[in-house]
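Residue-level listing of the chains:
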Amino acid sequence: MAGERPSQLVLVVDVSPVHWGRLNAAAEESLSFTRCVENVCVFLNAFMMINDGNKIAVLASHPLENRFVYPTSNVPSDGVRYELFAALDKAVVDGMKAMAQKLTLHENVIADGSPSLMAGSLAKALCYINRTTQAGGQLQSRILIVKVSPDAPAQYMATMNCIFGAQKNGIPIDACIIGPDSGFLQQASDLTGGMYLRVPEPKALLQYLMWVFLPDASIRNTLVFPSRALVDYRAACFCHRKLVEVGFVCSVCLSIFCQFNPVCLTCNSRFRVPGLGAAKGKKKNVT
Ligand SMILES: [Zn+2]
Ligand SMILES: [Zn+2]
């Protein structure tokens, strides 16, 4: 199924118990977190089986922390194939559950429903890919994010920086969305040539993982996929981290603001007030 060349997959899973709980409260027959982790394990095993040289890394992400659950120092990443699969499953299941459980101790985070640190996990994934490819591996790498929590406008800048980094290095970012649509990840997959899919039927997660996210980029153009989502290109303003459709852009540093400021808050450039001669900071559509 995959090309002859082995590839590397860095999988990020949103394990935030708050948002998994909300998902299940919203729909009667939804996907439980445990079921999601099981599906993810089956998908990872399939990915390892389609090519002997394939490599994976798994990151768990929640509102307080991002952590690699595989590979870790106490889990072998090489060895007899089926022993490896068993070790992988155990590491992923135990690691993700431990992460989710640890968060339940922080009641304040649960109460305010903070979203997971997705920008941080993207950055970690990119660093990991950079490190492994620098170590001599000629592996084509990609990132897959399984996300349930909503976008955090506060993470806009960090997320966009990661997206541009991935784009520059030719690393596609795939997004498998179980919760609300994510404008940030729509932009990420659009700019990096990845796949974006909001799973219409969360219970059937495994099917979507196998169908849409298992084939490598080289195989994808021969397959028929669900039509692409419209991309939400809204940016977050630098002053309030609020998503804006139309904003003011500094003509010097390109910072985005939701309201006119006589002095750019980022680079201190001065603008003339609109209406009193040519204003430097022009109103510009940022969509
Ligand atoms: Zn603002
Ligand atoms: Zn500026």
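Cut-offs applied
Residues numbered from 1 in each chain as written. Chains lettered and ligands numbered in written order. Predicted model: local features only at pLDDT ≥ 70, side-chain atom pairs only at ≥ 80, totals over all residues. Heavy atoms only, no water. Helix = DSSP H or I, 4+ residues; strand = E, 2+ residues; numbered from the N terminus. Buried < 20%, exposed > 50% of the residue type's maximum accessible area, 1.4 Å probe, protein only. Contact = heavy atoms within 4.5 Å. Donors = N, O, S within 2.8 Å, 3.2 Å for Na, K, Ca; no water. Tetrahedral: all angles 85-135°; square planar, octahedral: opposite > 155°, others 65-115°. Axes fitted to C-alpha atoms, helices over the stretch in contact; angles between N-to-C directions. Parallel < 35°, antiparallel > 145°, perpendicular 65-115°, else oblique. Left-handed = near helix turned anticlockwise from the far one by under 90°. Nonpolar A, V, L, I, M, F, W, Y, C, P; charged D, E, K, R; others polar.

Enquirer: Let's hear about the environment of valine 93: which residues, and what values?
Expert: Here valine 93 lies in helix 3 (residues 81-103). Owing to a relative accessible area of 25%, valine 93 belongs among the partly exposed residues under this scheme. A C-alpha to C-alpha distance of 7.9 Å links valine 93 and cysteine 41, two positions 52 residues apart in sequence. For valine 93, the residues in contact, after removing those within four places along its chain, are Val37 and Cys41.

Enquirer: Could you give me a rundown of the coordination of the zinc ion (ligand 2), with the residues and numbers involved?
Expert: In ideal tetrahedral geometry, four donors around a metal make angles of 109.5 degrees, whereas ideal octahedral geometry with six donors gives angles of 90 or 180 degrees. Every protein donor of the zinc ion (ligand 2) is accounted for by Cys250 (SG), Cys253 (SG), Cys264 (SG) and Cys267 (SG), and the metal-donor separations fall at 2.3 Å. If you look at the zinc ion (ligand 2), its 4 donor atoms make angles of 105 to 114° with each other, and the shape they trace is tetrahedral. Within one chain, the residues donating to the zinc ion (ligand 2) are spaced in sequence as C-x2-C-x10-C-x2-C. Relative accessible area serves as the criterion here: at 31%, cysteine 253 is assigned to the partly exposed category.

Enquirer: Please give an account of the packing of helix 6 (residues 156-168) against helix 7 (residues 183-192) that cites residues and values.
Expert: Contact geometry of helix 6 with helix 7 gives a least axis separation of 9 Å together with a crossing angle of 15°. For the element pair helix 6 / helix 7, the angle class is roughly parallel. Note that helix 6 runs across helix 7; the crossing there is right-handed. In this structure, helix 6 uses Tyr156, Thr159, Met160, Ile163, Phe164, Ala166 and Gln167 to contact helix 7, whose residues at the interface are Phe184, Gln187, Ala188, Leu191 and Thr192. Of the residues in the contact of helix 6 with helix 7, the class split is 8 nonpolar, 4 polar and no charged.

Enquirer: I'd love a proper account of helix 7, names of residues and values included.
Expert: Along an α-helix, residues three or four apart share an orientation, since each turn contains 3.6 residues. Of all the 10 residues making up helix 7, 8 are buried; the element is thus mostly covered by neighbouring parts of the structure. Of all the residues in helix 7, the buried ones are Gly183, Phe184, Leu185, Gln186, Gln187, Ala188, Ser189 and Thr192. If you follow the buried residues of helix 7, they end up packed against strand 4 (140-147), helix 6, strand 5 (173-177), strand 6 (196-198) and strand 8 (243-244). Phi turns positive one or two residues past the end of helix 7, at glycine 193, with a value near 80°.

Keep in mind these numbers describe shape, not what the thing actually does.
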